[in-house]
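Tertiary structure, described
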Amino acid sequence: MYTQLFRSDEMKYPPTINAGLDAAWHSTPTHAWQSEVIAHYVDAVDEFALRLCRSLAERVGSLTGRTISQRDITVNFAARCARATLDSVVFQLRGHDLSIVRPCAHCGTGQFETPPITDRVDLGYALAGWQAYHPECEPADPPEDTSW
Ligand SMILES: [Zn+2]
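Procedures and definitions
Residues numbered from 1 in each chain as written. Predicted model: local features only at pLDDT ≥ 70, side-chain atom pairs only at ≥ 80, totals over all residues. Pairing = 2+ DSSP bridges. Helix = DSSP H or I, 4+ residues; strand = E, 2+ residues; numbered from the N terminus. Core = buried A, V, L, I, M, F, W, Y, C linked by C-beta atoms within 7 Å. Buried ≥ 20, exposed ≤ 12 C-beta atoms within 10 Å, placed from the backbone. Contact = placed C-beta atoms within 7 Å. Expected span 1.5 Å × (residues − 1). pLDDT = per-residue confidence, 0-100.

To continue, consider the pairing of strand E5 (residues 97–102). Where strand E4 (residues 89–94) and E5 come together, five bridges link them in antiparallel fashion. Paired with valine 90 across the bridge in E5 is valine 101. Between the end of E4 and the start of E5, which pair antiparallel, lie two residues, with glycine 95 showing a positive phi angle near 65°. In terms of strand pairing, E5 meets strand E6 (residues 112–113) through two bridges, oriented antiparallel. Looking across to E6, one finds that valine 101 is bridged to glutamate 113.

Here you go:
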């Protein structure tokens, strides 16, 4: 499945997550209650982003033995997911599902998520055995073998 993620609502955490939110707001709150609920929203976003960053760093760390700095993690709040690149491999955590994001195996464009990765076997498969294609890039079925 091809999903276009991380466009204008992409944000880096920290330190620019709030700047991303500011850009999304259309007007300045004019009443105290508006400011209060917006502050609750910002706190919730910060908490969510921090939790997601920690979880992604921990899970990738336990699978790879490598340390990912939270500064290298990008959070997409709208898509409820976080991404980090380690040695050119893009790891993504969406909810509880960890996956790798890879381009189409034929044309090298697009973004496809591997099946959820729960252990090192899954990770090895995602790296070495799994491939995704755009519908128009799928290899044709091999010609029928009539030699038998
Ligand atoms: Zn393709």
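Having seen it, we continue.
So, on to the nonpolar core. In terms of nonpolar packing, the biggest core is built from 18 residues, with Leu52, Cys53, Leu56, Ile73, Val75, Ala82 and Leu93 touching the most fellow members. Secondary structure elements with two or more residues in this core: helix H2 (32–64), strand E2 (73–76), strand E3 (81–86), E4 and helix H3 (120–128). The leading source of residues in this core is H2, at six residues.

You will see that arginine 80, though not glycine, has its phi angle at about 55°, which is positive. If you trace the backbone, arginine 80 turns up in the loop between E2 and E3. Exposure remark for arginine 80: the 12 C-beta atoms within 10 Å place this residue in the exposed category. In this structure, aspartate 87 is a non-glycine residue whose phi angle is positive, near 50°.

All right, on to the environment of valine 60 then. Counting through the fold element by element, valine 60 comes out in helix H2. Spatially, the C-alpha atom of valine 60 lies 9.4 Å from that of glutamine 92, the residues being 32 residues apart in sequence. Residues contacting valine 60, with those up to four places away along its chain left out, are Ile68, Ala84, Leu86 and Phe91.

The end-to-end C-alpha separation of H2 is 48 Å, in line with the 48 Å expected for 33 residues at 1.5 Å each. Residue glycine 65 follows H2 closely and has a positive phi angle near 75°.

With that settled, consider the confidence of the model for the protein chain. Residues at a pLDDT of 70 or more form 78% of the protein chain, whose mean pLDDT is 83. Per-element mean pLDDT across the protein chain ranges from 48 in helix H1 (residues 17–24) up to 97 in E5. When the criterion is pLDDT under 50, residues 13–20 qualifies, and its contacts beyond four places in sequence or with other chains add up to 14 contacts.

Once that is clear, we can look at the pairing of E3. Across four bridges, E2 lies against E3 in antiparallel orientation. Note that in E3 the partner of isoleucine 73 across the bridge is alanine 84. Between E2 and E3, which pair antiparallel one after the other, the connecting turn spans four residues, and arginine 80 there sits at a positive phi close to 55°. In this sheet, E4 lies alongside E3 in antiparallel orientation, the contact comprising six bridges. Bridge pairing in E4 places arginine 83 opposite glutamine 92. The hairpin formed by E3 and E4 contains two residues between the paired strands, and aspartate 87 there has a positive phi angle of roughly 50°.

So, about the environment of proline 135. Counting through the fold element by element, proline 135 comes out in the segment after H3. As a C-alpha pair, proline 135 and cysteine 104 span 31 residues in sequence and 9.8 Å in three-dimensional space.

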